[in-house]
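Listed below are the residues making up each chain.
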Amino acid sequence: MKKEVLAKPGPYIELPAFQGPLDLLLHLIQQEKIDIYDIPIAKIADQFIDAVRQMDDLDMEVTSEFLVLAAQLLYIKSRYLLPKLPKEEAEGEAEDPRQELVERLIAYRSFKEAALILGELEVSSGKKYFRTVDINEIRSQFKEEGDPLEGVAFTDLWEAFSHVIVRAEQGVETKTVEPDEISIDKMMDDVLRRVILHPHGTRFSQLIRGNSRMEVIMSFLALLELLKEGKIRCEQSAPQQDIHLLPTEKAWEFTEGE
Amino acid sequence: MLFRETEIAGLEALLLVAGEPLTIEHLANILDLNSPDILELLSELRQRYSSPACGFMIFEVNGGFKLGTKPEMSHYIETLYHQPTQGLSGAALEVLAIIAYKQPVTKGEIDFLRGVQSDRALATLVEKGLTKEIGRKEGPGRPILYGTTEQFLLHFGLKSLKNLPELDFEKMREEAREELDEELDKE
């Protein structure tokens, strides 16, 4: 590709990969060794356009940004060609049309320099690697709050329930009481309150009891409902052991709400 | 420090598994020691790692500590993962320099400074974890603001952003001008 450039007549412009139009402009200015604060716009504008044309000839990607800057350079050039309006003359020294461009060039050059320094730093500090540990994986090993029914199968709950039922049926005294209407909401309040009272766990057999079959069923239903809502969780240290019921953080939402 | 073998071992283990750099206070809390003790243990550990027979190194970043491999070991690691060291591209370094020195900064501001679209370079930097979104700028469109990450500091071996090479832009301008004047005089 370089040979092609050399073979072309006209000023020789080496075209390294430019980061953008400002980079190209900066390159031209440095090549011509001209003061960045006093750019001969006409000359640089022509060179810039030549360079962009060559990029095009070389099938390099000429992005619109290059064309925008070329247009801006031509605009500035035209301002010099046109006579000043009398109004502008009267206002004295009008702003140098190159001012904005110069500011951008200087800012760009500063960061280009900073990029070079960072690049050197990257090499000199060397590559180091860090172990990437999946923290979530580690956290998941400590079961803090997961499945509220972890390790407790439904059959376990059912079994525990059956035991209580049996005990309730075997109750010594048999009384006949008019069935009280117990709403599930009321029972849930009651069950939750009793669980909250024992933050270290309430035994299932202690929690689910009542004088009547109806009461036991209702409290069991209430318990299931609370489990579903995540206000209570179960723990069972080993199969056939007593199931313990503990309040979760959600349990407090309820009390605070009251 | 004598009789602190367990704590040193604990410190080493903590530095290995921690995702984020661990601060002195945090370490002191976990190991049940006071801060000066932790500093002493850290320097003891550093002493041990300084042996050429050891591949680890303790890195300090933003007042936290992290365990990593010595830069000299990088070629082994790269062989393991069949990935040659690839420095950042010129465009990526330019974007990174602008973000590092001007953060928080929007993509629009970066584009303007460079005079060219920086989408791809920016995406690479975010993907490599060197920069990240740190908020939104108040104003039309609420553009994303970018800043550098701790990974950035580690990558460039910097303890904190304060340790970025100082860039006196004003001075750099003057120096460039003087240089130019000299060259012009010569001709």
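Residues numbered from 1 in each chain as written. Chains lettered and ligands numbered in written order. Predicted model: local features only at pLDDT ≥ 70, side-chain atom pairs only at ≥ 80, totals over all residues.

**Section: the sheet that holds strand β1 (residues 202–203) of chain A**
Residue and element names in this part refer to chain A. Filter applied, for reference: Strands are treated as partners if at least two bridges between them are detected by DSSP. Helix numbers and strand numbers start at the N terminus; a helix is a DSSP run of H or I with at least 4 residues, a strand a run of E with at least 2. Each residue gets a C-beta atom placed from its backbone, and two residues are in contact if those atoms lie within 7 Å. Comment: axis = line fitted to C-alpha atoms, over the contacting stretch for helices; angle = value between 0 and 180 degrees taken between N-to-C directions.
Reading across from one edge, β1-β3-β2 is the order of the three strands in this open sheet, with antiparallel pairing throughout. Two strands lie at the open edges of the sheet, namely β1 and β2 (232–236), each paired on one side alone. In this structure, β2 lies alongside strand β3 (residues 243–247), joined through five bridges in antiparallel fashion. In the sheet register, Q236 faces β3, and the bridge partner there is I243. In the packing of helix α9 (residues 184–197) onto the sheet, contacts are made with β1, β2 and β3, and the angle to β3 comes to roughly 90°.

**A word on the interface of chain A and chain B**
Put simply, the rule reads: For this classification, the nonpolar set comprises Ala, Val, Leu, Ile, Met, Phe, Trp, Tyr, Cys and Pro, the charged set comprises Asp, Glu, Lys and Arg, and every other residue, Gly included, is treated as polar.
Opposite the 34 residues of chain A that make contact, chain B presents 38 residues. Where the side of chain A that touches chain B is concerned, the elements lending two or more residues are α2 (21–32), α4 (64–81) and α6 (99–125) of chain A. Here the side of chain A that touches chain B is built from residues that sort into 17 nonpolar, seven polar and ten charged.

**A look at the packing of helix α8 (residues 154–169) of chain A against helix α11 (residues 213–229) of chain A**
Residues and elements named next belong to chain A. Under the convention used in this document: An angle below 35 degrees is read as roughly parallel, one above 145 as roughly antiparallel, one from 65 to 115 as roughly perpendicular, and any other as oblique. Working rule for handedness: look at the near helix, and if it is turned counterclockwise from the far one by less than a right angle, call the crossing left-handed; if clockwise, right-handed.
Contact pair α8 / α11: the axes reach a minimum separation of 10 Å and the direction vectors enclose 165°. When the interaxial angle is binned, α8 and α11 end up roughly antiparallel. The chirality of how α8 crosses α11 is right-handed. Seen from α8, the contacting residues are F161, V164, I165 and A168; seen from α11, they are R213, V216 and F220.

**Considering the sheet that holds strand β2 (residues 56–61) of chain B**
Residues and elements named next belong to chain B. An order of β1-β3-β2 is seen for the three strands of this open sheet, with the pairing classed as antiparallel. The two strands at the open ends of the sheet, each matched to only one other strand, are β1 (22–23) and β2. Taken strand by strand, helix α1 (residues 5–17) contacts β1, β2 and β3 (64–69), and its axis lies near 80° from that of β3. Across the sheet, helix α3 (residues 35–49) is in contact with β2 and β3; its angle to β2 comes to roughly 140°.

**Let's talk about α11 of chain A**
Residues and elements named next belong to chain A. Rules: By this rule, a helix spans an expected 1.5 Å times one less than how many residues it contains. The exposure label follows from counting other C-beta atoms within 10 Å of a residue's C-beta, where the C-beta atoms are placed from the backbone and the thresholds are 20 or more for buried and 12 or fewer for exposed, leaving partly exposed in between.
With 17 residues, α11 extends 24 Å from end C-alpha to end C-alpha; this agrees with the ideal 24 Å at 1.5 Å per step. Along α11, the residues that are buried comprise M218, S219, F220, A222, L223 and L226. Close packing links the buried residues of α11 with α8, α9 and β2. With its phi angle positive at about 75°, G230 sits one or two positions after the end of α11.

**A look at the confidence of the model for chain A**
Here is the rule we go by: Predictor confidence is given residue by residue as pLDDT, running from a minimum of 0 to a maximum of 100.
Per-residue pLDDT for chain A has a mean of 77; in total, 78% of the residues score no lower than 70. Overall, residues 1–8 of chain A carries pLDDT values under 50, and its contacts beyond four positions in sequence, including any with other chains, amount to six contacts.

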